[in-house]
Amino acid sequence: MSKVIVVTSGKGGVGKTTTSASFATGLAMRGYKTVVIDFDIGLRNLDLIMGCERRVVYDFVNVINQEASLTQAVIRDKAYENLHILPASQTRDKESFTIKGVGQVINELKDSFEYIICDSPAGIEKGAIMALYFADEALLVTNPEVSSVRDSDRMLGILHAKSKRAIDGIEPIKEHLIINRYIPSRVESGEMLSIKDIQDLLGIDLLGVIPESEMVLQASNAGVPVIREEESNSGQAYRDLVGRFLGEDIPLRFLEPEKKGLLKRLFGT
């Protein structure tokens, strides 16, 4: 049975698209047929991170408007045959989304894919509501700072009120917390919220903690989801996260400040 999973937060710049790309890639690496949909009409970035921007011919809105079929619009990843991308339109507006149109596309995708990942745009406007409306589960991405956690808390309220599951009065969306851009030394010095602080404020189960890393930007610029970078702490943390999502008992890593060697302590290098 297919699962629809929204990656959301409310606030921009917290790492939703990076998470969507790595999470979808991680599921495909495990052998699951996975498609990731970019809901950010006009500002699409998912195709860049996935390294397929030059292969976009048709997009999500073309399919909704019956200007192209899913077969024409969905792009298969070059590295993993189980991974596919449905890009957003750069030239339409968010009014192109309708519950009926989005629902028809998702229902058709369910015939071919085990996991359908919805990469939500920032904010709480129509694109974000459409991204979460049909979700079975949600990955709530937040940064360890007050404004980001506050916006995530607001998004929890929207998940509880405006999803199809909430409207139909059935079992609610299952929520998972992802803390992104975590810097243990800044948490230790009190400049960032701790994991416990964030969990106390949001009250949902923690799925993963992704450490801040320059490799995330480097990988994104190269069109490679960071989960594929085996030597990167962030890539390893995303692999752990996917394993936990699939039910594996994997301890959290990268939660302690890096211990400096003698030369770093003496010279700050």
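A quick note: this is a predicted structure, and the numbers were derived from the prediction, not measured. (Residues numbered from 1 in each chain as written. Predicted model: local features only at pLDDT ≥ 70, side-chain atom pairs only at ≥ 80, totals over all residues. Heavy atoms only, no water.)

Things to note about the overall build of the protein chain
Then, number 1: Counting its regular elements, the protein chain contains 13 helices and eight strands.
Then, number 2: Taken over C-alpha atoms, the radius of gyration comes to 18 Å for the protein chain, in line with the 18 Å a tight globule of 269 residues would show.
Then, number 3: In terms of overall dimensions, the protein chain has C-alpha extents of about 65 × 40 × 35 Å along its principal axes.
Then, number 4: Classification of the 269 residues of the protein chain by burial places 52% in the buried group.
Then, number 5: Partitioning the intrachain contacts of the protein chain with sequence separation of at least 6 by distance along the chain shows that 73% fall at a separation of at least 24.
Then, number 6: Just so you have it, the protein chain exposes about 13,000 Å², and 47% of that area is on carbon and sulfur atoms.
Then, number 7: Within the protein chain, one finds 32 positive and 38 negative side-chain charges whose respective centroids are separated by 2 Å. (Helix = DSSP H or I, 4+ residues; strand = E, 2+ residues; numbered from the N terminus. Rg over C-alpha atoms; globule rule 2.2 N^0.38 Å. Buried < 20%, exposed > 50% of the residue type's maximum accessible area, 1.4 Å probe, protein only. Contact = heavy atoms within 4.5 Å. Areas by Shrake-Rupley, 256 points an atom, 1.4 Å probe, with all protein chains shown as cover. Lys, Arg positive; Asp, Glu negative; His and termini not counted. Charge placed at Lys NZ, Arg CZ, Asp CG, Glu CD.)

Quick look at the sheet that holds strand 2 (residues 34–38)
Then, number 1: Within the open sheet, the eight strands sit side by side as 3-4-2-5-1-6-7-8. Their pairing is mixed. Each edge of the open sheet carries a strand with a single partner, namely strand 3 (75–76) and strand 8 (206–211).
Then, number 2: Sheet analysis places strand 6 (residues 137–142) next to strand 7 (residues 174–182), joined by six bridges and oriented parallel. Across the sheet, the residue bridging to Thr142 is Ile179, located in strand 7.
Then, number 3: Across the sheet, helix 1 (residues 16–29) lies against strand 1 (3–8), strand 2, strand 4 (83–86), strand 5 (115–119), strand 6 and strand 7, angled at about 170 degrees from strand 5, the strand it touches most. (Pairing = 2+ DSSP bridges. Axes fitted to C-alpha atoms, helices over the stretch in contact; angles between N-to-C directions.)

Concerning helix 10 (residues 195–202)
Because an α-helix packs 3.6 residues into every turn, residues spaced three or four apart end up facing the same way.
Then, number 1: Among all positions of helix 10, only Ile195, Ile198 and Leu202 are buried. One face of helix 10 carries all of its buried residues, which in axial projection span an arc of 70 degrees. The exposed residues of helix 10 that point more than 90 degrees off its buried face are Lys196, Asp200 and Leu201.
Then, number 2: For helix 10, the elements touching its buried residues are strand 6, helix 7 (146–162), strand 7 and strand 8. (Arc of directions from axis to C-beta.)

Section: the packing of helix 6 (residues 126–133) against helix 7
Then, number 1: Interhelical geometry of helix 6 versus helix 7 gives an angle of 60 degrees and a closest axis separation of 10 Å. Here helix 7 runs oblique to helix 6, going by the angle between their axes. The handedness of the crossing between helix 6 and helix 7 comes out as right-handed. Contacts between helix 6 and helix 7 involve Ile129, Leu132 and Tyr133 from the first element and Met155, Ile158, Leu159 and Lys162 from the second. (Parallel < 35°, antiparallel > 145°, perpendicular 65-115°, else oblique. Left-handed = near helix turned anticlockwise from the far one by under 90°.)

Re the nonpolar core
Then, number 1: Counting residues in each nonpolar core, the largest one holds 48 residues, and the members touching the most others are Phe39, Phe60, Val102, Leu109 and Ile116.
Then, number 2: Every residue in contact with Phe60, bar those within four places of it in the chain, is listed here: Ile37, Asp38, Phe39, Leu86, Pro87, Phe97, Val102 and Val105.
Then, number 3: Counting residues in each nonpolar core, the second largest holds 33 residues, with Val7, Ala21, Phe23 and Ala219 among its members. (Core = buried A, V, L, I, M, F, W, Y, C linked by side-chain atoms within 4.5 Å.)

A look at the pairing of strand 2
Then, number 1: Among the five residues in strand 2, five count as buried, and that is most of the element.
Then, number 2: Taking every second residue as pointing to the same face, both faces of strand 2 are buried, with Thr34, Val36 and Asp38 on one and Val35 and Ile37 on the other.
Then, number 3: Pairing between strand 2 and strand 4: four bridges, direction parallel. By the bridge assignment, Ile37 is partnered in strand 4 with Leu86.
Then, number 4: Pairing between strand 2 and strand 5: five bridges, direction parallel. Each residue of the ladder has a partner; that of Asp38, found in strand 5, is Asp119.

Points about the packing of helix 1 against helix 12 (residues 233–245)
The packing of two helices is summarised by the inter-axis angle and the distance between the axes.
Then, number 1: For the pair helix 1 and helix 12, the least separation of the axes is 9 Å and the interaxial angle reads 65 degrees. In terms of crossing hand, the pair formed by helix 1 and helix 12 is right-handed. Between helix 1 and helix 12, the residues in contact are Thr18, Thr19, Ser22, Phe23, Gly26, Leu27 and Met29 and Tyr238, Arg239, Leu241, Val242 and Phe245, respectively.
Then, number 2: Per-class residue counts for the contact of helix 1 with helix 12 are seven nonpolar, four polar and one charged. (Nonpolar A, V, L, I, M, F, W, Y, C, P; charged D, E, K, R; others polar.)

Here we look at the environment of Gly127
Then, number 1: When you line up the elements, Gly127 lands in helix 6.
Then, number 2: When the C-alpha atoms of Gly127 and Gly243 are compared, they prove to be 29 Å apart, with 116 residues separating the residues in sequence.

Comments concerning the pattern of salt bridges
Then, number 1: Counting across every chain of the model gives nine salt bridges.
Then, number 2: The residue Arg30 makes a salt bridge to Glu248 at a minimum N-O spacing of 2.6 Å. A residue pair is termed long-range when its members are at least 10 positions apart, and Arg30 in the loop between helix 1 and strand 2 and Glu248 in the loop between helix 12 and helix 13 (262–267) qualify at 218 residues.
Then, number 3: Residue Glu248 is classed as partly exposed on the basis of its relative accessible area, which comes to 36%. (Salt bridge = Lys/Arg side-chain N within 4 Å of Asp/Glu carboxyl O.)

A short note on the packing of aromatic side chains
Then, number 1: Tallying each qualifying case throughout the model produces seven aromatic pairs.
Then, number 2: Taking the centre distance of 4.8 Å and the plane angle of 80 degrees together, the rings of Tyr133 and Phe134 count as edge-to-face. When sorted by exposure, Tyr133 lands in the same class as Phe134, which is buried.
Then, number 3: Cation over ring: Lys33 sits above Phe113, and NZ or CZ is 5.4 Å from the ring centre. (Phe/Tyr/Trp six-rings, centres within 6.5 Å; stacked < 30°, edge-to-face > 60°. Lys NZ or Arg CZ within 6 Å of the ring centre and 35° of its normal.)

None of this, on its own, says anything about what the molecule does.
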